[in-house]
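Chains, contacts and geometry: an overview
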Amino acid sequence: MHYVDEGPKDGPVMLLLHGMPTWSYLYRDMIPILIDAGYRCIAPDHIGFGKSDKPSDIHWYTIARHTEILSSLIVDLDLSNVPLFVRIGVDLQVSLRPR
């Protein structure tokens, strides 16, 4: 899985997720602003999107598989208690903050 990891490694993390049919490039203008505010920005390309691998077997693409891969990235990067920003398409944005 390809991902962008920019900003101070000791800064608070902002996890930036894309929906269909976009990829992490969606956040190209937002990442510099967040970095200037002191955030570490992590923006993965889901498998099948952007610079990530694109399996040709259509049965590979399941919500469970995408969840497993994203969860593995979060564990591998040792992320916890991070705000999540999701932009789906061009009309819907969701921002979730941990409690």
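Further up the page is the structure itself.
These lines cover the structure that appears in this document, whether it is placed above or below. (Residues numbered from 1 in each chain as written. Predicted model: local features only at pLDDT ≥ 70, side-chain atom pairs only at ≥ 80, totals over all residues. Heavy atoms only, no water.)

Points about the side chain of D5
Selection rule: Helix and strand labels come from DSSP, where a helix needs a run of H or I of at least four residues and a strand needs a run of E of at least two; each type is numbered from the N terminus. For the exposure calls, accessible area comes from a 1.4 Å probe over protein chains only, and a residue counts as buried if that area is under 20% of its type's maximum, exposed if over 50%, partly exposed in between. N or O atoms within 3.5 Å of each other form a polar contact, as long as, within protein, one can give a hydrogen and the other can take it, and as long as residues adjacent in sequence are counted only when both atoms are side-chain atoms. Contacts between residues were defined by any pair of non-hydrogen atoms, one from each residue, lying within 4.5 Å.
When you line up the elements, D5 lands in strand β1 (residues 3-6). A residue is classified by how much of its surface remains accessible, and D5, at 19% relative accessible area, is buried. Within the structure, D5 has its side chain in polar contact with the side chain of R40 (distance 2.7 Å). Here D5 is in contact with R40, C41 and I42, once residues within four sequence places are set aside.

Concerning the layout of surface pockets
We count it as follows: Here a cavity denotes grid points, spaced 1 Å and computed from the protein atoms alone, that fit a 1.4 Å probe unable to get out, and a pocket denotes an open set having protein on both sides within 12 Å along at least 5 of 7 lines; residues with an atom within 4 Å of a point are the lining. Grid points are joined across faces, edges and corners, and a volume is the space filled by probe spheres set on the points. Each residue is assigned to one class: nonpolar for Ala, Val, Leu, Ile, Met, Phe, Trp, Tyr, Cys and Pro, charged for Asp, Glu, Lys and Arg, and polar for all the others, Gly among them.
By volume, the largest pocket amounts to about 210 Å³. In this structure, the largest pocket is lined by H18, G19, M20, H46, F49, I63, H66, T67, L70 and S71. Tallying contributions element by element places helix α2 (residues 63-76) first for the lining of the largest pocket, with 5 residues. Here the residues of the lining of the largest pocket sort into 4 nonpolar, 6 polar and no charged.

Thoughts on the side chain of R40
You can see R40 is positioned in strand β3 (residues 40-44). When near neighbours in sequence (up to four residues on either side) are disregarded, R40 contacts D5, E6, G7, P8, K9, G11, P12, V13, M14, L77 and L79.

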